[in-house]
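The lines below spell out each chain.
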Amino acid sequence: MTNTPNRSVQRAFRIVDELSENGGGRASELASRLEMPVSTVHDYLQALVETGYVTAEDKEYRTSTRFLEVGHRQRHRLEVVKAVRNELVTVADETGEHVTLLIEEHDQAVILAVQEGPDAINLFAYPGARMPLHATAPGKAMLAHRDDGRVAELVDQGLVEVTSRTVTDPDVLLEQLETVRQRGYAVDEGERIAGMVCIAAPVLDKREQIQGAICVCGPESRLGETRREEIADVVQRAANVTQVNLDYV
């Protein structure tokens, strides 16, 4: 098999990503940003329009809601989503904060579900949003239950600095992962979002394999040490209930 079909698929998704990140655009604009011939970009756009994944109006192209359909269908096939059931609502009610369920995919933490408590700050989080594993509490909660080789691969890719508090030293990260394993939950203090503290517990299955993480985020001013411990208890309890539910999905 030649690499031509692979390159074609890659180009198509580069165009889709560019449309998604910029909210749309004309063929000439996309060609300029992607450094591709306008005629080539136009051909790809027409094919994407015909398949229903891109819309066109007055020569302006945008990704369609077809992607929502695909993502929504896939999300509801995941066992952890079924297993979490009402736990996110319970956690949001008990903590009053912003609650999410995340999984690991392609070396990133990906949000699957969001629930906001009465005092939650709007973090503009949504299902499908991706973030670095090393810079987030849920990412660390999941990494702590991966084998050493898997963690080493991530470290070799480089630990990108998201905020001034992001851990970029591999030795410090490894120490944090050991702490997560010992106490059962992870914390990030403004490592991804300045001024926010996030606390996450891993969701394991009956084989002790990581399936995701439940996370609570709130402003640093509200989440002092005592409050963090209270929230840690809540997310660990929810993760445990989800683990039990996984046996019956």
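Residues numbered from 1 in each chain as written. Predicted model: local features only at pLDDT ≥ 70, side-chain atom pairs only at ≥ 80, totals over all residues. Heavy atoms only, no water.

For the protein chain, the name recorded in an unreviewed UniProt entry is IclR family transcriptional regulator, with Natrialba taiwanensis DSM 12281 as its organism.

Draft legend 1. Focus on the overall build of the protein chain. For the protein chain, the count of helices and strands is 10 helices and eight strands. Once the C-alpha set of the protein chain is aligned to its principal axes, its extents read approximately 60 × 40 × 35 Å. Of all 249 residues assigned to the protein chain, the portion counted as buried reaches 43%. Long-range pairs, those at least 24 residues apart, make up 54% of the contacts in the protein chain with a sequence separation of at least 6. Just so you have it, the protein chain exposes about 13,500 Å², and 46% of that area is on carbon and sulfur atoms. Charge-centre separation for the protein chain: the mean point of 27 positive side chains lies 6 Å from the mean point of 41 negative side chains. (Helix = DSSP H or I, 4+ residues; strand = E, 2+ residues; numbered from the N terminus. Buried < 20%, exposed > 50% of the residue type's maximum accessible area, 1.4 Å probe, protein only. Contact = heavy atoms within 4.5 Å. Areas by Shrake-Rupley, 256 points an atom, 1.4 Å probe, with all protein chains shown as cover. Lys, Arg positive; Asp, Glu negative; His and termini not counted. Charge placed at Lys NZ, Arg CZ, Asp CG, Glu CD.)

Draft legend 2. Local environment of the environment of Arg85. Relative to the assigned elements, Arg85 resides in the loop between α5 (79–84) and α6 (87–95). Here the alpha-carbon distance between Arg85 and Thr242, two residues 157 residues apart in the chain, equals 7.8 Å. Contacts of Arg85, omitting those with residues within four sequence positions, involve Asn245 and Tyr248.

Draft legend 3. Examining empty space enclosed by the protein more closely. Tallying each qualifying case throughout the model produces one cavity of 30 Å³ or more. Along its surface, the largest cavity is lined by 13 residues, and Thr100, Met131, Arg192, Cys215 and Cys217 are the ones closest to its centre. Those elements that provide at least two residues to the lining of the largest cavity are β3 (98–105) and β8 (210–219). Broken down by element, the lining of the largest cavity gets its largest block of residues, three residues, from β3. Residues that form the lining of the largest cavity fall into these classes: nine nonpolar, three polar and one charged. (1 Å grid on protein atoms, 1.4 Å probe; cavity = no way out; pocket = protein on both sides within 12 Å on 5 of 7 lines; lining within 4 Å. Points joined across faces, edges and corners; volume = space filled by probe spheres on them. Nonpolar A, V, L, I, M, F, W, Y, C, P; charged D, E, K, R; others polar.)

Draft legend 4. Up close: the state of the cysteines. Applying the stated criterion to the full structure yields one disulfide. Paired by a disulfide, Cys198 and Cys217 hold their sulfur atoms 2.1 Å apart. One quick way to see it: the torsion about the S-S bond of Cys198 and Cys217 is about 110°, and its sign makes the bridge right-handed. Remark: Cys217 occurs in strand β8 and Cys198 occurs in strand β7 (residues 196–204); sequence separation between them is 19 residues. Unpaired in terms of disulfides, Cys215 finds its nearest cysteine sulfur in Cys217, a separation of 3.7 Å. With a relative accessible area of 2%, Cys215 lands in the buried category. (Disulfide = S-S within 2.5 Å.)

Draft legend 5. Quick look at a negative patch on the surface. Residues Asp147, Asp148, Glu153 and Asp156 make up a contiguous surface patch of negative charge. Structurally, Asp156 can be placed in helix α8 (residues 148–157). Residue classification places Asp156 among the exposed residues on the basis of a relative accessible area of 68%. (Patch = residues over 30% accessible without salt bridge, like charges linked within 9 Å, V, L, I, M, F, W, Y side chains within 5 Å. Salt bridge = Lys/Arg side-chain N within 4 Å of Asp/Glu carboxyl O.)

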